[in-house]
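The primary structure of each chain is shown beneath.
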Amino acid sequence: MAPSLPMNEDPASVEAAAAAARARLVRDIEASGAWDDDPVWRGAFAEVPRHLFVPYYFVGAPETARGYERLWGEDPDPKRRARWLRGAYEDGPLATRVQDGRLVSSSSQPSLMAKMLAELGVRDGDSVLEIGAGTGYNAALLAHRLGDDHVTTIDLEPEITESARRHLAAAGYHPVVVTGDGARGCPERAPFDRIIATCTVTSVPRPWIAQCRPGARILAPLATGLVALDVQEAGHAEGRFLHTPAYFVPLRGSGRQETEPPQPGGLPRRALHNEMFQFLLALSAGSLDPMEALALWQRERPGRERFGITVSGDQEWAWLDDPEGPYAWPIPV
């Protein structure tokens, strides 16, 4: 049974309820297999209090004029406070900032965060840059594992970085929080051993690669997937997509436009409703004609893990199975 807050809760009882909810979340993430490749992350999720990073969030409420309602930890109604705490520890994303009815910031699904952190392959002593500070929760998980001095998180919006800094301090973590254009990386804190993005990119920003040590890894959402790039030398990185689907808010900054991908006409409805074909359409947008993408999908029926990306100097291209194979196309930068 999910824990609930007592009618007249004191801080100790709130912490007890939060600890019970957090233990349940850890069990759910473990059952998903998200950190099978790096089970050390279990300790971070067991210790870092997610509810301190989401003092309020928004949930869908179609019956309201705005279409959503705000749950918060200081609500005078104890039942709504209990809903807030339970929701903070559910294995799902939480909308934390809405602007003109549009989601602009969120706390990601914890099991997806665990999967991304495990795939990042951090080692003791690694220096990590996070693109997209969000609530600060992901930076806290990294700081718990690596130590404050080894973690930098950056976001374009001062409001986001200020609240992330407050949340981190409340939870007892003090990584470096920078307000700036994440597309440009963070040269003053470089070089990095790992870069992890919690926002979607349409191409790999070159400054990220330039600010990495050889052997570094970059993990970023792109085209409804997660690509893991290994930096081999200056200006060159290559890697494949994970099997895992991923949907994040777009990276803002450096003139990047937050536009919806086009939905081309003339394609079979069955294909347009196929999640993997939508991934291929997004990955090939601006390079492959949609009918070419359809033919490739129908011929190969590939999963995400068969696709990859290579960045070499000013060139960037996506490919199926082999970077030098017959199925490759440029990614507009």
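Being a predicted model, the structure only gives us computed values, none of them experimental. (Residues numbered from 1 in each chain as written. Predicted model: local features only at pLDDT ≥ 70, side-chain atom pairs only at ≥ 80, totals over all residues. Heavy atoms only, no water.)

K.L.:
Just to check I follow, could you spell out the environment of I160 for this structure?
P.N.:
By secondary structure assignment, the location of I160 is in helix α6 (residues 158-171). Linking I160 and T135, residues 25 residues apart in sequence, is a C-alpha distance of 7.2 Å. In this view, I160 contacts R97, S105, A133, G134, D155 and R252; residues no more than four positions away in its chain are not counted. (Helix = DSSP H or I, 4+ residues; strand = E, 2+ residues; numbered from the N terminus. Contact = heavy atoms within 4.5 Å.)

K.L.:
Any chance you could explain α6 here in plain terms?
P.N.:
Every α-helix carries 3.6 residues per turn, so stepping three or four residues along brings you back to the same face. For α6, built from 14 residues, the straight-helix expectation of 20 Å at 1.5 Å per residue is met to within 8% by its first-to-last C-alpha distance of 20 Å. Among all positions of α6, only I160, T161, S163, A164, H167, L168 and A171 are buried. Along the axis of α6, the buried residues cluster in a sector spanning 165°; they form a single face. Structural note: α6 exposes R166 and A170 on the side pointing more than 90 degrees away from its buried face. (Expected span 1.5 Å × (residues − 1). Buried < 20%, exposed > 50% of the residue type's maximum accessible area, 1.4 Å probe, protein only. Arc of directions from axis to C-beta.)

K.L.:
Even after reading the chapter, I still don't get the packing of helix α9 (residues 275-284) against helix α10 (residues 290-300), so can you show me in this structure?
P.N.:
When two helices pack together, their arrangement is given by the angle between the helix axes and by the axis-to-axis distance. Two elements in contact, α9 and α10, have axes whose closest approach is 10 Å; the angle formed by their N-to-C orientations is 135°. By the angle between their directions, the pair α9 and α10 is classed as oblique. Where α9 crosses over α10, the two elements pack in a sense that is right-handed. Across the interface between the two elements, M276, F277, L280, L281 and S284 from α9 touch P290, A293, L294, L296 and W297 from α10. (Axes fitted to C-alpha atoms, helices over the stretch in contact; angles between N-to-C directions. Parallel < 35°, antiparallel > 145°, perpendicular 65-115°, else oblique. Left-handed = near helix turned anticlockwise from the far one by under 90°.)

K.L.:
Where do I start with the side chain of T224 in this structure?
P.N.:
Structurally, T224 is set in the loop between β9 (212-222) and β10 (225-233). Judged by relative accessible area, T224 falls into the buried class, the value being 19%.

K.L.:
I tried to follow the packing of aromatic side chains on my own but got confused; where do I start?
P.N.:
Aromatic ring pairs are reported here in terms of the distance separating the ring centres and the angle at which the planes meet. Across all of its chains, the model carries nine aromatic pairs by this definition. Between F277 and W297 the ring centres are 5.3 Å apart and the planes differ by 45°, which places this aromatic pair in the tilted class. Taken together, the positions of F277 in helix α9 and W297 in helix α10 put the pair 20 residues apart, joining distant regions of the chain. The class for W297 is buried, based on a relative accessible area of 3%. Between F279 and F307 the ring centres are 5.6 Å apart and the planes differ by 70°, which places this aromatic pair in the edge-to-face class. Within this pair, whereas F279 is found in helix α9, its partner F307 is found in strand β12 (residues 307-312), the two being separated by 28 residues in sequence. For the pair F279 and F307, one class covers both residues: buried. Members of the aromatic cluster, joined through ring pairs, are W35, F45, F53 and Y137. Of note, R70 hangs over the ring of Y56, and the distance from its end group to the ring centre comes to 4.4 Å. One Lys or Arg, R145, reaches over the ring of W41 and ends 4.9 Å from the middle of that ring. (Phe/Tyr/Trp six-rings, centres within 6.5 Å; stacked < 30°, edge-to-face > 60°. Lys NZ or Arg CZ within 6 Å of the ring centre and 35° of its normal.)

K.L.:
Explain the nonpolar core to me, please; I cannot follow it from the model alone.
P.N.:
Looking at soluble globular proteins, one finds that nonpolar side chains tend to be buried together. W41, F45, L141, L142, I196, L219 and L226 are the most contacted members of the largest nonpolar core, which has 49 residues in total. Every element with two or more residues in this core is listed here: α1 (11-32), α2 (41-47), α3 (78-88), α4 (110-120), α5 (137-146), α6 and β10. When neighbours within four sequence positions are excluded, L142 is seen to be in contact with W41, L117, L120, V128, G147, V151 and I196. Within the second largest apolar cluster, 46 residues are counted, among which are A197, L251, L281 and L283. (Core = buried A, V, L, I, M, F, W, Y, C linked by side-chain atoms within 4.5 Å.)

K.L.:
Teacher, can you tell me more about the packing of α1 against α4 here?
P.N.:
Running from N to C, α1 and α4 point in directions that differ by 55°, and their axes come no closer than 9 Å. One element, α1, and the other, α4, form an angle in the oblique class. You can see that α1 and α4 cross each other, and the crossing is right-handed. Mapping the contact onto sequence places L25, I29 and S32 in α1 and P110, S111 and A114 in α4.

K.L.:
Looking at this structure, I do not really get the confidence of the model for the protein. What am I missing?
P.N.:
The pLDDT averaged across the protein works out to 91; a share of 92% of its residues lies at or above 70. Counting contacts from residues 1-7, a segment whose pLDDT is below 50, to residues more than four positions away or on other chains yields 18 contacts. (pLDDT = per-residue confidence, 0-100.)

K.L.:
Would you explain the pairing of strand β7 (residues 176-179) in this entry?
P.N.:
The side chains of a regular strand alternate between both faces of the sheet. With four bridges connecting them, strand β6 (residues 151-155) and β7 associate as parallel partners. Its bridge partner lying in β7, I154 is registered against V178. As for the winding sense of the linkage, the β-α-β connection from β6 through α6 to β7 is right-handed. (Pairing = 2+ DSSP bridges. Right-handed = clockwise from strand over helix to strand, strands pointing away.)

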